[in-house]
Amino acid sequence: MMKPLIIVTLIFLAPVVAAGEKHPSTYRIPLPPKPDFSSIEWMIGNWTGRMDRHSPQGEIHLSVAYDLDQRVMVFRERVSLEATGEIPANNESSIAILSRAPSGDSFLLQVFASTGFVNQYRVTVAGPEIDFTPDGGSQTPPGWLSRRIIQRGDVDGFTETVQLAPPLKPFFDYYSAAFTREAASQRTGASHPGNQKKP
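Residues numbered from 1 in each chain as written. Predicted model: local features only at pLDDT ≥ 70, side-chain atom pairs only at ≥ 80, totals over all residues. Heavy atoms only, no water.

A. Examining the pattern of salt bridges more closely. Taken as a whole and assessed by the stated rule, the structure comprises 6 salt bridges. Of the charged contacts in the structure, one is a salt bridge between Glu-77 and Arg-148, with a shortest N-O distance of 3.7 Å. With Glu-77 in strand E5 (residues 72-81) and Arg-148 in strand E10 (residues 145-152), this residue pair connects regions lying 71 residues apart in the sequence. For Glu-77, a relative accessible area of 12% gives the class buried. (Salt bridge = Lys/Arg side-chain N within 4 Å of Asp/Glu carboxyl O. Helix = DSSP H or I, 4+ residues; strand = E, 2+ residues; numbered from the N terminus. Buried < 20%, exposed > 50% of the residue type's maximum accessible area, 1.4 Å probe, protein only.)

Pasting the structure below:
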């Protein structure tokens, strides 16, 4: 099977040519193979998450889609949570890019948050479970760590547990939420309000 190629043609002027002749040079750059997202692509779509009774009250909206010719997956999340005794209220939006790790045995998720923080996670998939382990980042909360576990239920639902660790402290459960896939009518109404018919 032939690898896809990018063909780049550059025109160079040789230092010694007759009558200013131009000699075109063609370069072929092989493209890397597309990542295999088959173990995680069930998350493609729009989701609404609701907290369990032990978590701060609130709601999460998550949208997952392919981009860049299916070479990355883009996660867009909006979190709205009330304050607890340990953590202040959280009203945060984020955009995250999931790509294949260079090792090929996991994924990397880089998360850009409306708070200004930029975190990175190593993502591993084991059957119905997806683990997000902290893996640095260019602008992380000083001393704090976060991790999450997603457990797939059926095709239209999953649960997510987010854990936080203060500086030099162990992890504790911040929240757990049950996500359900949004119906097509919900997505249309939320994404394209201008297309709704007026009575």
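B. Fine view of the packing of aromatic side chains. Under the counting rule described, the total for this entry stands at 7 aromatic pairs. On the basis of an interplanar angle of 90° and a centroid distance of 6.3 Å, the ring pair of Trp-42 and Trp-47 is categorised as edge-to-face. Across the pair, Trp-47 and Trp-42 agree in class, each one buried. Arranged with centres 5.7 Å apart and planes meeting at 70°, the rings of Trp-42 and Phe-158 form a pair that is edge-to-face. With Trp-42 in the loop between strand E2 (23-30) and strand E3 (45-51) and Phe-158 in strand E11 (residues 157-165), this pair connects stretches of sequence that are 116 residues apart. When its relative accessible area of 3% is taken as the criterion, Phe-158 is described as buried. One aromatic cluster in this structure is built from Trp-42, Trp-47, Phe-158 and Phe-179. Taking NZ or CZ as reference, Arg-100 lies 4.3 Å from the ring centre of Phe-107, over its face. (Phe/Tyr/Trp six-rings, centres within 6.5 Å; stacked < 30°, edge-to-face > 60°. Lys NZ or Arg CZ within 6 Å of the ring centre and 35° of its normal.)

C. Spotlight on the layout of surface pockets. The calculated volume of the largest pocket comes to roughly 950 Å³. Forming the boundary of the largest pocket are 38 residues, of which Asn-90, Glu-92, Asn-119, Ser-146 and Leu-164 lie nearest the centre. Elements supplying a minimum of two residues to the lining of the largest pocket: E5, strand E6 (90-100), strand E7 (107-113), strand E8 (118-126), strand E9 (129-134), E10, E11 and strand E12 (172-181). Top element by residues in the lining of the largest pocket is E6. It accounts for 6 residues. (1 Å grid on protein atoms, 1.4 Å probe; cavity = no way out; pocket = protein on both sides within 12 Å on 5 of 7 lines; lining within 4 Å. Points joined across faces, edges and corners; volume = space filled by probe spheres on them.)

D. Examining the sheet that holds E7 more closely. Spatial ordering of the closed barrel is given by E3-E4-E5-E6-E7-E8-E9-E10-E11-E12, a layout of 10 strands whose pairing is antiparallel. Across this sheet, the average inter-strand angle for adjacent strands is 25°, counted without regard to direction. As defined by bridge partners, E10 adjoins E11 across 8 bridges and the pair is classed as antiparallel. Following the sheet pairing, Arg-148 is matched in E11 by Val-162. (Pairing = 2+ DSSP bridges. Axes fitted to C-alpha atoms, helices over the stretch in contact; angles between N-to-C directions.)

E. Seen up close, the environment of Asn-119. The topology assignment puts Asn-119 in strand E8. On the accessibility criterion, Asn-119 (17% relative accessible area) is buried. Sequence separation between Asn-119 and Ser-146 is 27 residues; the distance between their C-alpha atoms is 9.2 Å. If sequence neighbours within four positions are ignored, Asn-119 has contacts with Leu-109, Gln-110, Val-111, Gly-136, Gly-137, Thr-140 and Pro-141. (Contact = heavy atoms within 4.5 Å.)

F. Representation of the nonpolar core within the structure. If you look at the biggest cluster of nonpolar residues, it comprises 32 residues, and the most contacted ones within it are Met-43, Phe-75, Leu-98 and Leu-109. Residues in contact with Met-43, not counting those within four places in the same chain, are Leu-62, Val-64, Phe-75, Ile-130, Ile-150 and Phe-158. (Core = buried A, V, L, I, M, F, W, Y, C linked by side-chain atoms within 4.5 Å.)

G. Spatial organisation of a nonpolar patch on the surface. Taken together, the side chains of Ile-95, Ile-97 and Phe-112 define a hydrophobic patch exposed on the protein surface, amounting to about 220 Å² of accessible area. Positionally, Phe-112 belongs in strand E7. (Patch = residues over 30% accessible without salt bridge, like charges linked within 9 Å, V, L, I, M, F, W, Y side chains within 5 Å. Areas by Shrake-Rupley, 256 points an atom, 1.4 Å probe, with all protein chains shown as cover.)

H. Summary view of the pairing of E9. Bridge count between E8 and E9: 6 bridges; the pairing is antiparallel. Across the sheet, Ala-126 pairs through a bridge with Glu-129, a residue of E9. What sits between E8 and E9 in their antiparallel hairpin is a turn of 2 residues, with Gly-127 showing a positive phi close to 65°. Sheet topology note: the E9/E10 ladder contains 4 bridges and is antiparallel. From the neighbouring strand, Ile-130 faces E10, where its bridge partner is Ile-150.

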